[in-house]
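# Architecture at a glance
Here is how the chains run, residue by residue.
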Amino acid sequence: MNYQKLFEPKTLAVIGVSMSNDSHPANVVFNKNRLRYPVKTFAVNPKGGSFHRSEIFVRVSDIPEKIDLAVIAVRADLVPGVLTECIEAGAGGAVVISGGFAESGRKDLQDRMAAIAREADFPFVGPNCLGIYSPDHVDTFFLPSERMVYPRVGNIALVSQSGGVLVDQMINLADEGVGVSVAVSVGNKALIDEVALLGYLSADPKTEVIAFYLEGFQKNGGRDFVSAARQCGKPIIALKSGRSPEGGRAVSSHTASLAGDYEVFSEVLSQYGVVEARSQFELVSFCESLSCYEKPIQGKIGIITGSGGHGALAVDLCAAHDLSVPRISEKVQVEIREGLSGGARPIAALGNPMDLTGSAVDDDFVAAAECLSRTDEVDCILLLVLPYSPGTTSDLGARLSRVYLREGKPMVAYVPHVDKYRMLIEGFELNRIPVSPAIEGAVLMADAMRRCQPC
Amino acid sequence: MLSQEILDILSRSKEWGWVLEPDAKRLLSLAGMDVPEFIWADRLDEAVEFAERIGYPVVAKVVSPQVVHKTEEGGVVVGIENKISLAEAFHRLSGIKGFRGVLVEESVSGVEMIVGSKIDYQFGPVILFGIGGTGVEIYKDTTIRMAPIEPKDVMSMLKSLKAHRLLEGYRGAEPISLEQLTRNLAAFSSLIMDLGDGVTSIDLNPVFCSPSRCVVGDARIMLP
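Calculation rules
- Residues numbered from 1 in each chain as written.
- Chains lettered and ligands numbered in written order.
- Predicted model: local features only at pLDDT ≥ 70, side-chain atom pairs only at ≥ 80, totals over all residues.
- Heavy atoms only, no water.
- Helix = DSSP H or I, 4+ residues; strand = E, 2+ residues; numbered from the N terminus.
- Buried < 20%, exposed > 50% of the residue type's maximum accessible area, 1.4 Å probe, protein only.
- Contact = heavy atoms within 4.5 Å.
- Areas by Shrake-Rupley, 256 points an atom, 1.4 Å probe, with all protein chains shown as cover.
- Lys, Arg positive; Asp, Glu negative; His and termini not counted.
- Charge placed at Lys NZ, Arg CZ, Asp CG, Glu CD.
- Axes fitted to C-alpha atoms, helices over the stretch in contact; angles between N-to-C directions.
- Parallel < 35°, antiparallel > 145°, perpendicular 65-115°, else oblique.
- Left-handed = near helix turned anticlockwise from the far one by under 90°.
- Pairing = 2+ DSSP bridges.
- Right-handed = clockwise from strand over helix to strand, strands pointing away.
- 1 Å grid on protein atoms, 1.4 Å probe; cavity = no way out; pocket = protein on both sides within 12 Å on 5 of 7 lines; lining within 4 Å.
- Points joined across faces, edges and corners; volume = space filled by probe spheres on them.
- Nonpolar A, V, L, I, M, F, W, Y, C, P; charged D, E, K, R; others polar.
- Polar contact = N/O pair within 3.5 Å; in protein donor to acceptor, adjacent residues only side chain to side chain.
- Domains from an automatic or database assignment.
- Buried area = accessible area lost by both parts, 1.4 Å probe.
- Salt bridge = Lys/Arg side-chain N within 4 Å of Asp/Glu carboxyl O.
- Phe/Tyr/Trp six-rings, centres within 6.5 Å; stacked < 30°, edge-to-face > 60°.
- Lys NZ or Arg CZ within 6 Å of the ring centre and 35° of its normal.

The next point concerns the overall build of chain A. Helix and strand counts for chain A stand at 16 helices and 19 strands. Across its three principal directions, the C-alpha atoms of chain A cover 80 × 60 × 35 Å. Looking at chain A as a whole, 58% of its 455 residues qualify as buried. Long-range contacts, defined as pairs at least 24 residues apart, comprise 74% of the intrachain contacts of chain A with a sequence gap of at least 6. Surface summary for chain A: the accessible area is close to 18,000 Å², and the carbon and sulfur share equals 50%. Of note, chain A has its 43 positive side-chain charges centred 3 Å away from the centre of its 54 negative side-chain charges.

Below you can see the structure in the form of structure tokens.
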């Protein structure tokens, strides 16, 4: 099946546009695409008429142009018929927004749709979903644009079973300045599921990282998913809900008792190199890190900090995430100390964490980062930057980024996220150094690189 | 491919919903796994003849379709050192409900591990491996992989156990045989892939892992 027209349509039919209800999902989708996207958008409703001075076509086949993508937002029982009309009109694919299928006891209706589409080799997303946000191409989310928070265009594909969680994730990524290549809410996934999208996204040149929110797979669907993940070659992150054990279930064996649904999910994903996020916060941190760095690390962390307390907290967090913080050799310490300014040189503690102290200036951070970049005693540098420290300027982010660009050793940073530190943060982020608003987030970024081992 | 003998064992076990231990051990042995040398004896003289041939000490266990949990029913006697003890054990075991003979086998030792499998709804056949014995659900030091596994998975499974140092030669002990472990786990992996939905779950607990062998001490194969 060819998904190209789903994600990059030139023409869009929105089926179910209402003359009486201006906030009908179809009207929202019609409006936002007509006003904000290059896609040519047409309204369809069997009653005909006009909407916002545009003609409403009675049938898809009445539209004078061939339709690439049809958004279907009609009553559930009408959907199979509409789907057939789209296929007969030669449409390229569909997003079925409508609910009222398997989630409310009408699996038969859903199976009928899937059978119709399969027969005609016709791709559709849904039903019961928000559909597709493809930056600069199309947005089938029935959420008014002014309510949405759009992340910048980037290299992360988001795929979610839940529309709500997807929108949340977009907000979180936007907040962290992380960009998205495409976002798909798969809903009941009657036809196109996670495995199918994994196939498409692994070949999509705009996508470098794929992040999933999963609720559950069909029978053996997990097996298909990890097999596809192994073929994919791009970092894959998964957040799963429903992790608590099912209570009171009688089990017949030790194995059944010890290998519950979630334990199996978690360990098998890791067996196949998929990075499991255990919370939305982890998901954002992992996305941010893996969108910058593709190469796995062993997890030997060099910590550079302006405060001893931050260093100590970071060491604890590293230990909790199976990252090591090796003691730096005397030789490297001497080298670093020689490069420090007069204020920091006599008092800095360089064993790791490297506490450059409150007397440190930008040059000290740069000197320490350069030396750590050149030793193989560590394979990732964790920067704890405190912009309120008097010797730290807002140039530090950009200056440390240049060390990375020169030396190539991955860096992750913690900087408190308040508006007045924005320029420092952007100095990192615009040069593709991931920055977290929490020490734990920065540690998670390093953890993501350790856990994302290709099989 | 499952041999005809394995299929026969499975089909005759359907009646009870699980495979009697001597049948289970025969099945595992046919699949290439290491099991203790054993006999399924109906009569005492068979048991004695076997024990004297392989040498004492031996273990005796009741075989009964009505007894899944043998230890709880007093159905296991270990460390039998001579003919008299074996006769006593045989006599006692023959009084247990549903008695269908006695499994007599060589005594084996080693670190007690568990090797298990189940059919997961989302992922199909999966393998569980970890610290076994009666405390298996207390220690919960186990790890899971989707089958089939590759030899490199065995190392990562070992490393992911909290107690992995115990297996790698802790405090001067000789490490367990990685080669034997890998060989047995590979055989187990192929077996459960071949069995597919034909079984619901398998517990091999304990599997005695030592520097020379990994031997299945007890086996419970549950059928759908």
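A few words on helix 9 (residues 261–271) of chain A. Because an α-helix packs 3.6 residues into every turn, residues spaced three or four apart end up facing the same way. Taken together, the buried positions of helix 9 of chain A are occupied by A:Tyr262, A:Val264, A:Phe265, A:Ser266, A:Val268, A:Leu269 and A:Gln271. Taken from the residues just after helix 9 of chain A, A:Gly273 is the one with a positive phi, measuring 75°.

Let's shift gears to the packing of helix 13 (residues 362–374) of chain A against helix 14 (residues 396–407) of chain A. Residues and elements named next belong to chain A. At a closest axis distance of 10 Å, the pairing of helix 13 and helix 14 adopts a crossing angle of 20°. Classified by the interaxial angle, the pair formed by helix 13 and helix 14 is roughly parallel. Helix 14 is crossed by helix 13, and the crossing has right-handed handedness. Side by side, helix 13 and helix 14 meet where Asp362, Asp363, Phe365, Val366, Ala369, Glu370, Ser373 and Arg374 of the first sit next to Leu396, Arg399, Leu400, Val403, Arg406 and Glu407 of the second.

Residue and element names in this part refer to chain A. In terms of burial, strand 2 (residues 40–44) is largely enclosed, as four of its five residues are buried. In terms of strand pairing, strand 1 (residues 11–15) meets strand 2 through five bridges, oriented parallel. When the sheet's bridge partners are listed, valine 14 is paired in strand 2 with alanine 43. Running through helix 2 (residues 25–36), the crossover from strand 1 to the neighbouring parallel element strand 2 is right-handed. In terms of strand pairing, strand 2 meets strand 4 (residues 54–57) through two bridges, oriented parallel. Within strand 4, the position partnered with alanine 43 by the bridge is isoleucine 56.

So, about the pairing of strand 10 (residues 153–160) of chain A. Residue and element names in this part refer to chain A. Along strand 10, seven of the eight residues are buried, which leaves the element largely enclosed by surrounding structure. Judged from the six bridges that link them, strand 10 and strand 11 (residues 180–185) form a sheet pairing that is parallel. In the strand pairing of strand 11, valine 159 is matched with valine 184. The β-α-β motif built from strand 10, the intervening helix 5 (residues 163–175) and the parallel element strand 11 has right-handed crossover chirality. Judged from the five bridges that link them, strand 10 and strand 12 (residues 209–214) form a sheet pairing that is parallel. Its bridge partner being in strand 12, isoleucine 156 is matched across the sheet by valine 209.

Attention now goes to the layout of surface pockets. The gaps left among the atoms become clear once a water-sized probe is rolled over them. In this structure, the largest pocket occupies an estimated 1,100 Å³ of space. Considering the residues around the largest pocket, the lining is formed by 31 residues, among which A:Ser270, A:Arg450, A:Arg451, B:Arg145 and B:Ser160 are closest to the centre. Counting residues per element, the ones that place at least two in the lining of the largest pocket are helix 9, strand 14 (275–277) and helix 16 (439–451) of chain A together with strand 8 (142–146) and helix 6 (151–159) of chain B. Among the residues forming the lining of the largest pocket, the class breakdown is six nonpolar, 11 polar and 14 charged. Looking at the second largest pocket, its volume works out to about 680 Å³. Forming the walls of the second largest pocket are 27 residues, and the residues nearest its centre are B:Thr71, B:Thr134, B:Asn205, B:Pro206 and B:Asp218. Counting only elements with at least two residues in the lining of the second largest pocket, the list comes to strand 3 (58–62), strand 4 (76–80), strand 5 (102–106), strand 9 (201–209) and strand 11 (219–222) of chain B. For the lining of the second largest pocket, the leading source of residues is strand 9 of chain B, giving four residues. For the lining of the second largest pocket, the per-class residue count stands at nine nonpolar, nine polar and nine charged.

Turning our attention to the side chain of A:Thr11. Residues and elements named next belong to chain A. With respect to the secondary-structure elements, threonine 11 resides in strand 1. There is a polar contact of 2.7 Å between the side chain of threonine 11 and the backbone oxygen of lysine 66. Looking at threonine 11, its side chain comes within polar contact range of the main-chain nitrogen of aspartate 68, at 2.8 Å. What threonine 11 contacts, discounting residues up to four positions off in sequence, is Val39, Lys40, Phe42, Glu65, Lys66, Ile67, Asp68 and Leu69.

Residues and elements named next belong to chain B. When the domains of chain B are assigned, the result is domain 1 (37–107) and domain 2 (111–222). The straight-line distance from the C-alpha centre of domain 1 to that of domain 2 is 26 Å. In this complex, domain 1 contributes six residues to the contact, which on the side of domain 2 involves four residues. Between domain 1 and domain 2, the buried area comes to about 380 Å², and carbon and sulfur atoms account for 28% of it. Run the count over domain 1 and domain 2 and you get two salt bridges. With a shortest N-O distance of 3.5 Å, glutamate 106 and arginine 213 are connected by a salt bridge. Scanning the region where domain 1 abuts domain 2 turns up three residue pairs in polar contact (both at pLDDT 80 or more).

On the chain B side, the residues contacting the 28 residues of chain A number 31 residues. Together chain A and chain B conceal approximately 2,500 Å² of surface at their shared face, both sides included; 53% is due to carbon and sulfur atoms. Joining chain A to chain B, the criterion identifies two salt bridges. Across the pair B:Glu150 and A:Arg230 runs a salt bridge, and its minimum N-O distance is 3.4 Å. When residues of the side of chain A that touches chain B are traced back to their parent elements, those giving at least two are helix 7 (221–232), helix 8 (254–258) and helix 9 of chain A.

Following the criterion strictly, the structure yields 13 aromatic pairs over all chains and no others. For the pair A:Tyr3 and A:Tyr200, a centre-to-centre distance of 5.8 Å together with 45° between the ring planes defines the contact as tilted. With a gap of 197 residues between them, A:Tyr3 in the segment before helix 1 (4–7) and A:Tyr200 in helix 6 (residues 194–203) connect regions that are remote in the sequence. A:Tyr200 shares its class with A:Tyr3; the two are buried. Chaining the aromatic ring pairs together yields one cluster made of A:Phe212, A:Phe217, A:Phe225, A:Tyr262, A:Phe265 and B:Phe123. Here the guanidinium or amino end of A:Lys240 rests over the ring plane of A:Phe265, the centre of that ring lying 5.5 Å away.

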